[in-house]
Amino acid sequence: MNEYLDLFLTFARIGGLTFGGGYAMLPMLQREVVEKRGWATEGELMDYYAIGQCTPGIIAVNTATFIGHKNKGILGGIIATLGVVFPSLVIITIIAAFISNFAELAVVQNAFAGIRVCVCVLILNAVIKLWKKAVIDAPTMVIFVLVFLGSAVFSLSPILFVLVAGIAGIALDVTVQSRKKGGDNK
Amino acid sequence: MIFLQLFYEFFKAGLFAIGGGLATLPFLYDISNSTGWFTHGQLADMIAISESTPGAIGINMATYVGYTTAGLPGAVVATLGLVAPSIIIIIIIARFLGAFSENKLVKGAFYGLRPASVGLIAAAGFSVFKLALLQVDLFKVTGAVADLFNWKAIVLAVLIYIAMKKFNPHPVLAIAASAVVGVVFRFGGV
């Protein structure tokens, strides 16, 4: 029981101290999970992260589920996830309650108009970072452009793109790999 | 009824959003379009709040949208909906981790999924871009190209971009500074 509480509190601390989402969570996980508690090795953490990035869902949640499951089974996976989610629930609910009362204020409107500009730049930077990893050749470039146009101009459902891109990826990967004759495995 | 619908919408987002917090963005736009629970403007504010508070961005947004839509129970239900597919899928994957990463079909699927995911995030970013840096409505009225651009905002965006490149500050700092600039120069026009 104590170990479950430890899982919950550790992941609550990680969730509560990370600003900026999944990527910013990695150094916190390294310190709390690998160095302090030995729940996973550095290598295992990297594996979890890599899989968390390319499986559905939030990266932080995927990683928490992995580490919790590895140490205390399915219940451990669920408890670690609830821990990482808990601070968000508390903090955002308080802010949402507060903002809904004050959203009409001129100061708040002006501040958010400024923040929106900043969010633009933050998203641009995140996209550039991801783009470098994902768009690696002509076929992936075509997928990127088609999905961007389809979503930005025609507002088609994201689920459609995820399904079609997954199937296209399997088909394309086979042709690309056979053309390279197994050139690189990266 | 609203809770079931919230859980279902966020379960879908959790099931199909690949590549982390911002990947849920396109789904939130989709929810906004199909349900009208919140506007695109509110969504941009939610992104700002989610980015500047602790925790995973996707979770923060689910909590915020859930709370805005149906109060505290809504926040809990939306968050659990978003998280449920992850728990199920990861526990299944954890059972045969080794085979998973070496599987040819899985590798191929990710080869196609990654650029699609970036395309979706870029499209979501583009709609924030239109809202923050362009004045499409004013342009439609006046027809003057200079009116299409919100010059104050564009100058701020360029300055933030340069500052991020040069000093790599914490995003919270950049967001706080932008809020101050927004208040001082009346970015909201009020």
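The rules behind each value
Residues numbered from 1 in each chain as written. Chains lettered and ligands numbered in written order. Predicted model: local features only at pLDDT ≥ 70, side-chain atom pairs only at ≥ 80, totals over all residues. Heavy atoms only, no water. 1 Å grid on protein atoms, 1.4 Å probe; cavity = no way out; pocket = protein on both sides within 12 Å on 5 of 7 lines; lining within 4 Å. Points joined across faces, edges and corners; volume = space filled by probe spheres on them. Helix = DSSP H or I, 4+ residues; strand = E, 2+ residues; numbered from the N terminus. Domains from an automatic or database assignment. Salt bridge = Lys/Arg side-chain N within 4 Å of Asp/Glu carboxyl O. Buried < 20%, exposed > 50% of the residue type's maximum accessible area, 1.4 Å probe, protein only. Core = buried A, V, L, I, M, F, W, Y, C linked by side-chain atoms within 4.5 Å. Contact = heavy atoms within 4.5 Å. Phe/Tyr/Trp six-rings, centres within 6.5 Å; stacked < 30°, edge-to-face > 60°. Lys NZ or Arg CZ within 6 Å of the ring centre and 35° of its normal. Patch = residues over 30% accessible without salt bridge, like charges linked within 9 Å, V, L, I, M, F, W, Y side chains within 5 Å. Areas by Shrake-Rupley, 256 points an atom, 1.4 Å probe, with all protein chains shown as cover. Axes fitted to C-alpha atoms, helices over the stretch in contact; angles between N-to-C directions. Parallel < 35°, antiparallel > 145°, perpendicular 65-115°, else oblique. Left-handed = near helix turned anticlockwise from the far one by under 90°. Nonpolar A, V, L, I, M, F, W, Y, C, P; charged D, E, K, R; others polar. Expected span 1.5 Å × (residues − 1).

Chemist: Any chance you could break down empty space enclosed by the protein for me, citing the residues and the numbers?
Modeler: Residue and element names in this part refer to chain B. Evaluated as defined, the whole model comprises two cavities of 30 Å³ or more. There is about 70 Å³ of room inside the largest cavity. Among the elements of the structure, helix H2 (25–35) and helix H6 (104–133) are those that each provide at least two residues to the lining of the largest cavity. Take the lining of the largest cavity: its biggest share by element is five residues, from H6.

Chemist: An account of the domain arrangement of chain B is requested, with residue identities and associated values reported.
Modeler: Entries for chain B in the domain assignment read domain 1 (1–130) and domain 2 (134–190). Here the C-alpha centroids of domain 1 of chain B and domain 2 of chain B sit 27 Å apart.

Chemist: Explain the pattern of salt bridges residue by residue, including any values.
Modeler: Once the charged atoms of two side chains with opposite charge are near each other, the side chains can pair. All names here are of chain A. Counting across every chain of the model gives six salt bridges over all chains. Put simply, Glu32 and Lys36 hold a salt bridge, and the shortest N to O gap is 3.4 Å. Pair noted here: Glu32 and Lys36 are both in helix H2 (residues 22–36), with a separation of four residues, about one helical turn. Here Glu32 falls in the buried class, since its relative accessible area comes to 4%. Salt bridges sharing partners connect three or more residues here, namely Asp6, Arg13, Glu32, Lys36 and Arg37.

Chemist: An account of the nonpolar core is requested, with residue identities and associated values reported.
Modeler: Considering soluble globular proteins, one finds that nonpolar side chains tend to be buried as a cluster. Ranked by internal contacts, the top residues of the largest apolar core, which has 109 residues, are A:Phe11, A:Leu29, A:Val117 and B:Phe10. Looking at which element gives the most residues to this core, the answer is helix H4 (residues 57–95) of chain B, with 16 residues. Structurally, this core is a two-domain feature, drawing no fewer than three residues from each of domain 1 (1–130) and domain 2 (134–190) of chain B. Beyond its immediate stretch of four places on either side in the chain, B:Phe10 contacts B:Leu28, B:Ile31, B:Ala62, B:Val65, B:Ala78, B:Gly81 and B:Leu82.

Chemist: Can you tell me about the packing of aromatic side chains, naming the residues and giving the values?
Modeler: By the definition in use, this model includes eight aromatic pairs over all chains. Ring centres of A:Phe144 and A:Phe148 lie 6.3 Å apart, and the angle between their planes is 15°; on these two criteria the pair is classed as stacked. Of the two residues, A:Phe144 and A:Phe148 both sit in helix H6 (residues 138–152), four residues apart, roughly one turn of that helix. Judged by relative accessible area, A:Phe144 falls into the buried class, the value being 12%. Classification of A:Phe148 as partly exposed rests on a relative accessible area of 23%. With a centroid separation of 6.0 Å and an interplanar angle of 75°, the aromatic rings of A:Phe148 and B:Phe126 are classed as edge-to-face. On the criterion of chain membership, the pair formed by A:Phe148 in helix H6 and B:Phe126 in helix H6 is interchain, its members lying in two chains. Counting every residue linked through ring pairs, the aromatic cluster contains A:Trp131, A:Phe144, A:Phe148, B:Phe126 and B:Phe129. Across from the ring centre of A:Trp39, 5.6 Å away, lies the NZ or CZ of A:Arg37, which sits over that ring.

Chemist: I'd like to hear about a nonpolar patch on the surface, residue by residue, with values.
Modeler: Residues and elements named next belong to chain A. Where nonpolar side chains cluster on the molecular surface, the patch consists of Met141, Val145, Leu149, Val153, Phe154, Leu156, Leu160 and Val164 and spans about 700 Å² of accessible area. Mapped onto the elements, Met141 comes out in helix H6. According to the relative accessible area criterion, Met141 is partly exposed, its value standing at 33%.

Chemist: Give a description of the packing of helix H5 (residues 106–134) of chain A against helix H10 (residues 171–184) of chain B that names residues and reports values.
Modeler: Relative placement of two packed helices is described by the angle separating their axes and the distance separating the axes. The interhelical angle for the contact between H5(A) and H10(B), taken along N-to-C directions, is 135°, at an axis separation of 7 Å. In terms of orientation, H5(A) lies oblique with respect to H10(B). Between H5(A) and H10(B) lies a crossing whose hand is right-handed. On H10(B), the residues touching A:Val107, A:Asn110, A:Ala111, A:Gly114, A:Ile115, A:Cys118 and A:Leu122 of H5(A) are B:Pro171, B:Ala174, B:Ile175, B:Ser178, B:Ala179, B:Gly182 and B:Val183. Its residues placed into classes, the contact of H5(A) with H10(B) shows ten nonpolar, four polar and no charged.

Chemist: For H6(B), give the residues involved together with the corresponding values.
Modeler: Between its terminal C-alpha atoms H6(B) stretches 43 Å, which fits the 44 Å expected from 30 residues at 1.5 Å a residue. With respect to burial, H6(B) is a largely interior element, 21 of its 30 residues being buried.

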